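Commentary on secondary and tertiary structure
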Amino acid sequence: MRTCLPRLFISGKKTPFIRLFPPFATGIIVQWYCQVPLFFWWILLAATASFIFIFFWVAFFQRFRLGWLNGISISLLFIAIGALLTGYNDIRHHAQWFGNFYKENVSIIVSLNEPPVEKAKSFKAEGSVNYILNDGKAQQVKGKIILYFKKDSLLPELDYGTQLVFHKSLQEIKNAGNPGGFDYKRYALFQGITHQVYLKPDEFEIIKGKRTNFFQRLFYPTTEKVLSMLRANIKGEKELGLAEALLIGYKNDLDKTLVQSYSNTGVVHVIAISGLHIGLIYWLLVQLLRPLQKLKYARWLQPPDDH
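What you see as residue numbers is a count from 1 along each chain, following the sequence as written. Only residues with pLDDT of at least 70 get local features here, since the model is predicted, and only at 80 or more are side-chain atom pairs given and counted; chain-wide, interface and lining totals rely on the full set of residues. For the side-chain quantities, the full set of heavy atoms in the structure was used; hydrogens and water were omitted.

**Description of the overall build of the protein chain**
Looking only at helices and strands, the protein chain features eleven helices and nine strands. Counting the 307 residues in the protein chain, one finds 34% classified as buried. We call two residues in contact whenever any of their non-hydrogen atoms come within 4.5 Å of each other. For the protein chain, contacts bridging at least 24 residues in sequence account for 63% of all contacts bridging at least 6. What sets the accessible areas is the Shrake-Rupley method with a 1.4 Å probe; for residues, cover comes only from the shown protein chains. Total accessible area on the protein chain stands at roughly 20400 Å², and carbon and sulfur atoms take up 64% of it. Segments assigned H or I by DSSP are reported as helices when at least four residues long, segments assigned E as strands when at least two residues long, and all are numbered from the N terminus. Exposure categories follow from relative accessible area, calculated using a 1.4 Å probe and restricted to protein chains: below 20% of the type maximum is buried, above 50% is exposed, and the middle band is partly exposed.

**Quick word on a nonpolar patch on the surface**
Exposure above 30% relative accessible area and no salt bridge define the residues that can form patches, which grow by joining like charges within 9 Å and nonpolar side chains of Val, Leu, Ile, Met, Phe, Trp and Tyr within 5 Å. A pairing counts as a salt bridge when a side-chain nitrogen of Lys or Arg comes within 4 Å of a carboxyl oxygen of Asp or Glu. A surface patch of nonpolar side chains, about 540 Å² in accessible area, is lined by I281, W283, L284, L285 and L288. Its location among the elements puts L288 in helix α11 (residues 275-289).

**A few points about the nonpolar core**
Judged by nonpolar contacts, the single largest core of 23 residues is most densely connected at F98, I145, L147, F149, F166, L170 and F204. Ignoring anything within four residues of it in the chain, the contact list for L147 reads V110, L112, F123, K124, A125, E126, G127, L164, F166, V197 and L199. We define a nonpolar core as any set of buried Ala, Val, Leu, Ile, Met, Phe, Trp, Tyr and Cys residues linked to one another through side-chain atoms lying within 4.5 Å. The next biggest cluster of nonpolar side chains, apart from the first, holds eleven residues, and it includes W41, L44, L45 and I79.

**Here's the deal with the pattern of salt bridges**
One pass over the full model with this rule turns up six salt bridges. For K144, the salt bridge is made with E126, and the minimal N-O distance between the two is 3.6 Å. A residue pair is termed long-range when its members are at least 10 positions apart, and K144 in strand β5 (residues 144-150) and E126 in strand β3 (residues 122-134) qualify at 18 residues. Given the relative accessible area of 26%, K144 is considered partly exposed. A salt bridge links D159 to K210, with the nearest nitrogen and oxygen atoms 4.0 Å apart. Here D159, found in the loop between β5 and β6 (163-166), pairs with K210, found in the loop between β9 (204-207) and α7 (214-233); they are 51 residues apart in sequence, far enough to count as distant. Taking relative accessible area as the criterion, D159 reaches 32% and is therefore assigned partly exposed.

**Re the packing of helix α3 (residues 38-55) against helix α5 (residues 67-88)**
Relative orientation of the contacting elements α3 and α5 amounts to 145°, with a least axis distance of 8 Å. Of the two elements, α3 crosses α5, and the hand of that crossing is left-handed. Under this scheme, a helix contributes an axis fitted over its contacting stretch, all axes are lines through C-alpha atoms, and angles between N-to-C directions fall in the 0 to 180 degree range. Two helices that cross are described as forming a left-handed crossing if the nearer one is turned anticlockwise from the farther one by less than a right angle, and a right-handed crossing if clockwise.

**Some points on the confidence of the model for the protein chain**
Across the protein chain, pLDDT averages 80, with 78% of residues at or above 70. Note that pLDDT drops below 50 for residues 1-12; the model gives that stretch six contacts with residues more than four away or on any other chain. How sure the predictor is of each residue is captured by pLDDT, a score from 0 to 100.

**As for α7**
Under the convention used throughout, the expected extent of a helix is 1.5 Å for every residue step, that is, one less than its residue count. An ideal rise of 1.5 Å per residue puts 28 Å on 20 residues; α7 measures up with 30 Å between its terminal C-alpha atoms. All of the buried residues in α7 are Y220, T223, L227 and L230. With its buried residues spanning 95° around the axis, α7 presents them on a single face. Across α7 from its buried face, at more than 90 degrees, point the exposed residues K225, M229 and N233. In this description, the arc belongs to the directions extending from the helix axis to the C-beta atoms.

**Quick notes on the packing of aromatic side chains**
A pair of aromatic rings is counted whenever rings of Phe, Tyr or Trp (Trp by its six-membered ring) have centres within 6.5 Å, and the orientation is called stacked for planes under 30 degrees apart, edge-to-face for over 60 and tilted otherwise. Following the criterion strictly, the structure yields six aromatic pairs and no others. Relative to W41, the ring of F40 has its centre 5.1 Å away and its plane inclined at 75°; by these criteria the two rings are edge-to-face. Aromatic side chains F149 and F204 sit 5.4 Å apart centroid to centroid with 65° between the ring planes, which places their arrangement in the edge-to-face category. Of this pair, F149 sits in strand β5 while F204 is found in strand β9, placing the two residues 55 residues apart along the sequence. You can call F204 buried: its relative accessible area is 6%. Charges are assigned to positions over rings by a cutoff of 6 Å between ring centre and Lys NZ or Arg CZ, combined with an angular limit of 35 degrees from the ring normal. The ring of F123 carries the charged tip of K151 above its face, separated from the ring centre by 5.8 Å.

Quick look at the structure:
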């Protein structure tokens, strides 16, 4: 039994997923770095899917002889799927992305996605761009930006859901240009963030009414309590930032050089998936598999939940 397990995971026939993963990953990489027009991938997807469907109606002997061609078609199919998923998850390809409508002399309405975080010389917050105001017309848009607020005694109270309107030009997020340095532009783009802006108290106005989500309203007070506990007990800045990311997924205090080191070693997913996420997934599995306790031969599927 033990000797069969490694063969089960190594064999491509027993686990076709292993053979499908490389073309799928290839599609993701090609689309991310080359930005191929999405209609090309749709054509490739339709052509390969049609060929695979027709292939099943070919005589058995011909299918055996042309098996290599079917294998190429399946690989191309998964390349197209990987590329399309990457393309449609890139906010820049969304029809309502604010970058498609933004001009220098327009006003922007933004809602804060989180309470502002205090930095050395400013307050920082992520915001969603909701509308672009141009010539008295409001264009509904999508996309996220980073807002920096100057530390000032006149700075109004800002919180999650606060809506702002400002006229200041947005700046595209760029890297520092240091060879081998942290790719902050890519890191932000992975989160759907493409631009940033620095605002003084007299450069924006607060709109009445907040744009909030019920679950987020419950989430942030709890997060603040956990953060205050961690900050009271962990003194090192790097250690504190890593603990916040691992335990509750809070990444605002992460050291950039530390993130780059994790990226270079290929374990950045350790930061992306926090302990809280893992705990929630485990709890969900426990609840889903609980009915199996009644089945004598399926109890081994029930994870222990007594710790």
